[in-house]
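These are the residues of each chain, in order.
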Amino acid sequence: MIGWTFKRKAMAAKLLLTAATLFGGAQAQAANDYPVVLVHGFLGFGPTELQGTGFSYWGGFNDIAAHLRSGKRQVFATGVGPVSSNWDRAVELYYQIKGGCADYGAKHTAAYAAYGAIQKPAGKCWAADPNNNPHNYPLALYPAWDASHPIHLIAHSQGGQTVRTLIQLLENGSPNGNEGGGELYAGGKVGWVKSATTLATPHNGTTLRDVIVDFVPKVSELAGSIVQIAGLGGSSNPIYKFRLEQFGLAQGPAESFDDFLERIKGAPFWSLSNHDAAQWELGPDGARELNAWVKTSPNVYYYSIGTKATEQGGLCCNGTDRVIAPIQSGSYQYARDDMIIFMKNTAGEWVVPSILQRGMGSYTQSAAGRVAIDSSWFANDGVVNTVSMKAPAGQPVRNYDGTSVRGKWNYLGYYDGFDHFDVIGWLQPASAINPVFDKVAGIIYGL
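The text that follows walks through the structure, step by step, so that each part is easy to find. (Residues numbered from 1 in each chain as written. Predicted model: local features only at pLDDT ≥ 70, side-chain atom pairs only at ≥ 80, totals over all residues. Heavy atoms only, no water.)

What follows is about the nonpolar core. Of all hydrophobic cores here, the largest spans 70 residues; its most connected members are Trp58, Ile154, Phe242 and Phe437. At seven residues, the largest contribution of residues to this core is made by helix α12 (residues 430–444). Among all residues touching Phe437, those that are not within four sequence positions of it are Trp58, Ile64, Leu68, Ile154, Leu199, Val423 and Ile424. Residues Phe76, Val80, Tyr95 and Ile151 belong to the second largest nonpolar core, which totals 34 residues. (Core = buried A, V, L, I, M, F, W, Y, C linked by side-chain atoms within 4.5 Å. Buried < 20%, exposed > 50% of the residue type's maximum accessible area, 1.4 Å probe, protein only. Helix = DSSP H or I, 4+ residues; strand = E, 2+ residues; numbered from the N terminus. Contact = heavy atoms within 4.5 Å.)

Looking now at the state of the cysteines. Per the stated rule, a full pass over the model turns up one disulfide. Across a sulfur-sulfur distance of 2.1 Å, Cys101 and Cys125 are joined as a disulfide pair. Judged by the torsion about the S-S bond (105°), the Cys101/Cys125 disulfide is right-handed. Of the two residues, Cys101 sits in strand β3 (residues 100–101) while Cys125 sits in strand β4 (residues 125–126), which places them 24 residues apart along the sequence. Among the residues examined, Cys101 registers a relative accessible area of 42% and is labelled partly exposed. (Disulfide = S-S within 2.5 Å.)

This part covers the pattern of salt bridges. Scanning all chains against the criterion turns up 14 salt bridges. For Arg209, the salt bridge identified is with Asp210, shortest N-O distance 3.1 Å. With a closest N to O distance of 2.9 Å, Lys344 and Asp321 form a salt bridge. Here Lys344, found in helix α11 (residues 341–347), pairs with Asp321, found in the loop between β8 (310–312) and β9 (333–335); they are 23 residues apart in sequence, far enough to count as distant. Of the two residues examined, Lys344 and Asp321, each falls in the buried class. Beyond isolated ion pairs, a larger network of salt bridges with shared partners links Lys308, Glu311, Arg336, Asp338 and Asp416. (Salt bridge = Lys/Arg side-chain N within 4 Å of Asp/Glu carboxyl O.)

Here we come to helix α10 (residues 284–291). With six of its eight residues buried, α10 lies for the most part within the structure. Listed as buried for α10 are Pro284, Asp285, Gly286, Ala287, Leu290 and Asn291.

All right, on to the packing of aromatic side chains then. For the coordinates displayed, the defined rule picks out 23 aromatic pairs. Relative to Tyr185, the ring of Trp87 lies with its centre 5.6 Å away and its plane at 20°, an arrangement referred to as stacked. Pair noted here: Trp87 is in helix α3 (residues 86–98) and Tyr185 is in the loop between α5 (158–172) and β6 (193–199), with a separation of 98 residues, a long-range link. Judged on exposure class, the residue Trp87 and its partner Tyr185 are both buried. Put simply, the rings of Phe45, Phe55, Tyr57, Trp58, Phe61, Phe421, Trp426 and Phe437 touch in pairs and so form one group of aromatic residues. Here Arg73 stacks its cationic end above the ring of Tyr445, 3.6 Å away from the centre of that ring. In this arrangement the basic side chain of Lys189 is found over the ring face of Trp192, its NZ or CZ atom lying 5.9 Å from the centre. (Phe/Tyr/Trp six-rings, centres within 6.5 Å; stacked < 30°, edge-to-face > 60°. Lys NZ or Arg CZ within 6 Å of the ring centre and 35° of its normal.)

All right, on to the sheet that holds β6 then. In sheet architecture, strand pairing relies on hydrogen bonds along the backbone and comes in two forms, parallel and antiparallel. Spatially, β2-β1-β5-β6-β7-β11-β10 is the arrangement adopted by the seven strands of the open sheet, whose pairing is parallel. In this open sheet, the two edge strands, each paired with only one partner strand, are β2 (75–77) and β10 (397–399). Within the sheet, the average angular offset between the axes of one strand and its neighbour, ignoring direction, is 20°. On top of the sheet, α5 reaches β1 (36–39), β5 (151–156), β6, β7 (301–308) and β11 (409–416); it is set at about 145° to β5, its chief contact. (Pairing = 2+ DSSP bridges. Axes fitted to C-alpha atoms, helices over the stretch in contact; angles between N-to-C directions.)

As structure tokens, this is what we get:
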């Protein structure tokens with residue numbers, strides 16, 4: 001995280017004010033104490049990674065999971081494939097919670113065999129019984145999980161797509177038919193999830209995917225560069241995991257992250273034609289394909305929260321970074337000055353530096369057969385378009401009014417001025433971020 005600058009304004013006050021505006025009123029009395037499971041987004045990491053740095057995905061230098069555990073509640077942070085498809089991530093999430101060895105499905109795996117897919121990679125297991133664990137696998141988080149012992153899911157960014165996919169598979173099984181007997185694909189697991197809350201999730205994709213693919217088409221090199229910039233990998237800090245064993249891309253025990261990345265960057269998995277990967281489903285076209293079969297369950301309470309860290313262009317005084325965007329148009333959106341630095345260069349009108357490569361703040365697309373992108377997509381949080389965070393297109397949604405409706409997306413509003421990581425507390429004091437999650441907890445524990 002070295003080199004990141006702290007916010008120059010009173011973020012704590014802003015976060016508290018926005019949380020109060022979004023949720024309003026007193027928290028509901030606790031009606032349940034079901035466990036909460038936290039699911040990270042694209043290029044995210046689990047609680048066993050970055051140990052020794054003091055930095056966690058959920059809270060940055062704070063610990064949101066620990067805060068939510070107050071009152072002896074069960075809260076689990078998970079670690080799933082940071083660049084994997086939502087199918088693969090949902091599979092890993094299921095077995096990580098329930099226990100067992102990951103089974104990615106016979107038909108699903110066969111469809112992506114050309115990219116190296118493996119149905120049951122060796123050793124990708126979690127032990128449900130600590131007293132019967134001869135291979136010393138990591139312990140499953142909540143083996144009791146079933147309809148009588150449901151959970152709440154809270155997810156950030158791509159994690160929101162992942163938990164939706166998990167719920168779909170739990171209740172309805174595989175859309176492909178028989179996947180070879182894996183228990184997840186049988187369906188019928190209704191009531192296992194009480195609620196699903198998504199934070200800054202690209203339900204309908206993000207134009208950042210298309211902007212970056214146009215500008216830097218080598219996705220493997222892009223992923224590696226982001227990981228290095230964020231300080232998550234490197235030969236001196238080899239504690240970041242791609243978790244791609246299901247494609248035969250496992251890092252050796254003595255292999256540095258740099259050497260690992262160099263070895264795997266030419267693998268078929270990274271091809272843009274591989275739709276069993278995050279890079280596809282994070283784009284608008286891939287998200288539309290995902291949404292065609294992943295539906296909103298009538299049995300689950302859904303909540304969504306948005307974020308926005310760009311401003312409409314102006315001659316001056318709009319809080320944007322004038323160094324990278326000195327000349328602005330009122331038709332487009334530009335990165336706020338307090339956005340995390342590595343997201344600024346693609347958030348505004350242009351990719352900086354580039355020669356006339358449009359950024360998220362002005363990117364449009366109208367090619368036949370693709371998702372149409374117009375000016376409603378310009379506002380963004382540096383990673384995801386704000387319009388995409390509300391709900392999957394065509395699925396039931398309502399504005400939250402203090403009451404919750406099952407089977408619909410209860411939209412809680414958006415945080416104006418927050419970039420993609422403000423909402424999970426990166427570079428924020430605990431006094432700023434904890435009340436935001438207290439408000440979410442008040443809603444879901446009151447169901």
